[in-house]
Amino acid sequence: MLVLVASDEQLTREIFGNVNSVSKLVFYGLAFLSLGIFAWGVWRRIRLWRMGRPSKSKVDWRAGVRGFWAKVMTQRTVRRTKRRAGAMHALMFWGFSVLFVGTILVGIEEYASLILGRGAHDPLFHKGLYFAIYEVALDFFGLFFLAGCVWFIRRRLRAAKTSIGHNALDWFVIISFLAIGLTGYFVEALRIIRESTPHPELSFVGFGVSKLFIAAGVSEANADPVHLVLWWVHAILVFGIIAAFPYTRLLHVIAGVLNLATAEKNLGRLEPVTLEELEETGKVGVERLQDLTRRQLLSLDACVSCGRCEDACPAFEAGKPLSPRDVVQDLWRSLNAVGPRMSHEEPEGPGLHGEVIKAETLWSCTTCQACTDVCPLAVDPVGLITDMRRFLIGEGALSGPPAAALQKVQRSGNPWGLPKQDRFDWAEGLEVATVLTNPEFEVLYWIGCAASYDRRAQKVARAVVKLLEIAGVNYATLGPEERCNGESARRMGDEFLFQELAG
């Protein structure tokens, strides 16, 4: 450390060392081309998202920023389930982020030096102690990045045994990432050899790789052509990833962050439907892609098919024809297929029911929200499913036991069709306060259908009443006047029956 302090002014390197002016022009040309392809791809996705309906609820951007830090930067939700994969994703993300920031800082140094007229060997800030910390940090986090790449390649080779989705482009991305990381270290090693960089041990990985190159016969005298070739390989790989970004699953970096920032914070909350909307559109729920909200269309691009939702789904585990991941991915494929021709061939877009999403898939969902809860990018398959159910209900497409349950809720006030007069039988032997016997109550205890009729659940209601009395809580129940609140009808898709019962 004393040596570093004494000679810190020598600690720097030339940014475009061994790259002539023609190569620089080609480099910047490819850079602008890749950024143009990137921008066009993102704009195409934005146009697709804007096909949907505006969301009713306002976005809390302040909460979104807090969520960005808590869920994206710390990778907390990714690491919560599939912990090994989550930890490796976190390493890869942190490594990528630091390398990205490091590249931006090098760019700032280069352009600021050009504007101020400083020479290649007279850097503005890329020197001294800053340079030392920079070199160590980037080499260290580069190892994180490579470790994640290797682990995910290994997992992809075993993908048949996991719940992750398959996509040929995923191989392009992960192999490109691995090649970028490796060639970055190779270029660094050759730069150390050809420039005789002061304190090369700061770039400890590149320094180690330089020893291998020297052992292979590379020296300061012959390093230039090898360095230039690998420098171009590295640059072209980076430009390729930038251009491919919005056309691969890497888009989840953008869509996922936006989805986390704008997603509903209340798990399980459903957007109400009004009669005014019904009169305006002539239908309830989602029939076509345009009937989804913009946030929902955005969330389709956020999904990376990691399979966490499928692993958590009790309906899938029970063998039902439902995979929350497949529902989202099927809608995503439909969005990709329809998007480019929306304004010409099919201005209304194709229907989603039938070939895209089967009715039996929708009715298999228990709306338990397990899939939404475990999704690290806040994708909400349940919201998509219930919105499509609403359309089926509105079209009279419900039959069998679910239809009978809705009829019983409307007729008898409970989904089993049990007698209304038996609803208060659970309280037999107890002096349970009601709104009639205790009109000055402070807390209303809602029992619900299950605790009113199911013998096992009745024990819970009786125990709660005893606890309330022991605690001296001034409570009341609705007694025999209580009815189903319609939540089961709402989850099933009958929004207006819910509103009637809730009212």
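Residues numbered from 1 in each chain as written. Predicted model: local features only at pLDDT ≥ 70, side-chain atom pairs only at ≥ 80, totals over all residues. Heavy atoms only, no water.

Undergrad: A description of the nonpolar core should follow, citing residues and the corresponding values.
TA: The biggest cluster of nonpolar side chains holds 39 residues, and the ones touching the most others in it are Leu 289, Leu 297, Leu 300, Leu 331 and Met 388. Elements represented by at least two residues in this core include exactly helix H2 (21-49), helix H10 (252-262), helix H12 (294-302), helix H15 (324-338) and helix H18 (381-394). Dropping the residues within four chain positions of it, Met 388 is found in contact with Val 286, Val 327, Leu 331, Leu 352, His 353, Ile 357 and Leu 362. (Core = buried A, V, L, I, M, F, W, Y, C linked by side-chain atoms within 4.5 Å. Buried < 20%, exposed > 50% of the residue type's maximum accessible area, 1.4 Å probe, protein only. Helix = DSSP H or I, 4+ residues; strand = E, 2+ residues; numbered from the N terminus. Contact = heavy atoms within 4.5 Å.)

Undergrad: Requested: an account of the layout of surface pockets, with residues and values cited.
TA: Using a probe with the size of a water molecule, rolled over the atoms, empty space left in the structure can be pinpointed. If you add up the space inside the second largest pocket, you get close to 1,000 Å³. Lining the second largest pocket are 45 residues, and of these Glu 264, Arg 269, Gln 296, Asp 380 and Gly 383 lie nearest its centre. Contributing elements (two or more residues each) for the lining of the second largest pocket: helix H4 (76-80), H10, helix H11 (275-281), H12, helix H17 (370-374) and H18. Ranked by the residues each element gives to the lining of the second largest pocket, the list is headed by H18, at five residues. Looking at the lining of the second largest pocket residue by residue, the class counts come to twelve nonpolar, 16 polar and 17 charged. (1 Å grid on protein atoms, 1.4 Å probe; cavity = no way out; pocket = protein on both sides within 12 Å on 5 of 7 lines; lining within 4 Å. Points joined across faces, edges and corners; volume = space filled by probe spheres on them. Nonpolar A, V, L, I, M, F, W, Y, C, P; charged D, E, K, R; others polar.)

Undergrad: Which residues make up empty space enclosed by the protein, and what are the values?
TA: Counted according to the given criterion, the structure contains two cavities of 30 Å³ or more. Looking at the largest cavity, its volume works out to about 140 Å³. Lining the largest cavity are 16 residues, and of these Cys 303, Cys 306, Cys 309, Cys 375 and Val 379 lie nearest its centre. Within the residue set of the lining of the largest cavity, elements represented by two or more residues are helix H13 (308-312) and H15.

Undergrad: Tell me what's going on with the packing of aromatic side chains, and back it up with residues and numbers.
TA: We describe a pair of aromatic rings using the distance from one ring centre to the other and the angle between the two ring planes. For the structure shown, the criterion picks out 22 aromatic pairs. Ring geometry for Phe 38 and Phe 245: centres 5.8 Å apart, planes at 65°, overall edge-to-face. You can see Phe 38 sitting in helix H2 and its partner Phe 245 sitting in the loop between helix H9 (223-244) and H10, a full 207 residues away along the chain. With centroids separated by 5.2 Å and ring planes inclined at 85°, the aromatic side chains of Trp 151 and Phe 152 adopt a geometry described as edge-to-face. The burial state of Trp 151 is the same as that of Phe 152; both residues are buried. Through a chain of ring-to-ring contacts, three or more aromatic side chains come together here, namely Phe 16, Phe 27, Tyr 28, Tyr 111, Trp 231, Trp 232 and Phe 239. (Phe/Tyr/Trp six-rings, centres within 6.5 Å; stacked < 30°, edge-to-face > 60°.)

Undergrad: Tell me about helix H8 (residues 204-215), and name the residues and values.
TA: For an α-helix the count is 3.6 residues per turn, leaving residues at separations of three or four pointing the same way. Helix length check: H8, at twelve residues, gives a terminal C-alpha distance of 17 Å against a target of 16 Å (1.5 Å per residue), a fit within 8%. In this structure, the buried residues of H8 make contact with helix H6 (128-157), helix H7 (168-195) and H9. Following H8 by one or two positions, Gly 217 has its phi on the positive side, about 105°. (Expected span 1.5 Å × (residues − 1).)

Undergrad: Which residues make up the environment of Ala 489, and what values go with them?
TA: Its place among the elements puts Ala 489 in helix H22 (residues 487-492). Considered as a pair, Ala 489 and Leu 406 are 83 residues apart in the sequence and their alpha carbons are 6.3 Å apart. If we skip the residues at most four places from it in the chain, Ala 489 touches Leu 406, Asp 494, Leu 497 and Phe 498.

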